[in-house]
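Each chain, letter by letter, is given below.
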Amino acid sequence: MSLSRRITARSVRILGVAAASAALSLSVSGTALASEIGDFSAAAACDGAKGVITITDKDTTGAPAVVTVFLENNGADLRQVGAEQPVKGSKKGVTVSFAEDWEPGAIYRIHVKAVKGKKVLVDADINAGENLTTPAKACAADTSTPTGTPSSTPSSTPSRTTVPPAETATALPSPSDSANDSSAPGAPSVSNAPSAAVQESNLAETGAGSNTGLIVGVAAALVVVGGGAVFFGMRRRGSSHR
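Note that the structure is a prediction, hence the values are computed from the model and not measured. (Residues numbered from 1 in each chain as written. Predicted model: local features only at pLDDT ≥ 70, side-chain atom pairs only at ≥ 80, totals over all residues. Heavy atoms only, no water.)

Caption draft 1: Focus on the overall build of the protein chain. The number of helices and strands found in the protein chain is four helices and nine strands. Put simply, the protein chain has 242 residues, and 16% of those count as buried. Here the protein chain has roughly 18,400 Å² of accessible surface; of this, 59% comes from carbon and sulfur atoms. (Helix = DSSP H or I, 4+ residues; strand = E, 2+ residues; numbered from the N terminus. Buried < 20%, exposed > 50% of the residue type's maximum accessible area, 1.4 Å probe, protein only. Areas by Shrake-Rupley, 256 points an atom, 1.4 Å probe, with all protein chains shown as cover.)

Caption draft 2: Representation of the environment of Asn73 within the structure. With respect to the helices, strands and loops of the structure, Asn73 is situated in strand 3 (residues 64-73). For Asn73, a relative accessible area of 40% puts it in the partly exposed group. Along the backbone, Asn73 and Tyr108 are 35 residues apart, and their C-alpha atoms lie at a distance of 8.8 Å.

Caption draft 3: The arrangement of the side chain of Asp57 in detail. Structurally, the position occupied by Asp57 is in strand 2 (residues 50-57). At 2.9 Å, the side chain of Asp57 forms a polar contact with the backbone nitrogen of Asp59. (Polar contact = N/O pair within 3.5 Å; in protein donor to acceptor, adjacent residues only side chain to side chain.)

Caption draft 4: Representation of a nonpolar patch on the surface. Judged by side-chain polarity, Leu214, Val218 and Leu222 come together as a nonpolar surface patch covering roughly 320 Å² of accessible area. As for its position among the elements, Val218 is in helix 4 (residues 212-241). (Patch = residues over 30% accessible without salt bridge, like charges linked within 9 Å, V, L, I, M, F, W, Y side chains within 5 Å. Salt bridge = Lys/Arg side-chain N within 4 Å of Asp/Glu carboxyl O.)

Caption draft 5: Spotlight on the state of the cysteines. Scanning all chains against the criterion turns up one disulfide. Two residues share a disulfide in this structure: Cys46 and Cys139, whose sulfurs sit 2.0 Å from each other. Residues Cys46 and Cys139 are joined by a disulfide whose S-S torsion is about -85°; by sign, that bridge is left-handed. A residue pair is termed long-range when its members are at least 10 positions apart, and Cys46 in strand 1 (residues 40-47) and Cys139 in the loop between strand 9 (132-133) and helix 2 (175-183) qualify at 93 residues. For Cys46, a relative accessible area of 40% translates into the label partly exposed. (Disulfide = S-S within 2.5 Å.)

Here's what the structure looks like:
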């Protein structure tokens, strides 16, 4: 074999090895950059008293995907939770949430479909065969007192409006006082006018009664009659002595 042919053959072999190496590198890098179901994760959490199901996409290629959540019952889809949601992942992770008042121990199936151009990159369930099981404790309402809200515990210092002033407070009679007042006889009313007996006594003492004039007249008549009788008696005695 001439020298030129040997150089040509060696050059062809080198080019073939380089081409094969390049093809292998491209295939490996393409597989590493492709979206996979392992880039997605799901969890059941609480947003206050409401439950939510969150799905995180860490697909570094940023391929657009659509996430759908189903409630399972005995291995079958019972109902779809809300509407499907689109997501485009990143290295830090992008999260989408589905509002769902989940019950403890419930099972949900999360399906992801990622398409880039006309190529379907992912069309599978997250954690296939295991699905998502919610925690054993349901979400609880937040009972903490918000800032600025008055406390329900009454203050030890009484308010000025709740206790009336001493001069305006009116003592209400007790039921026992009312009963005593109703059963006790009423006290006689005090009158400034003199009674009838007092009037008669005063008139008798002063001589201003209604019979005083008659008595005085009869007494005067008796005095006159007695005086006349004495006068005539003395005249008869004198005449008889003569």
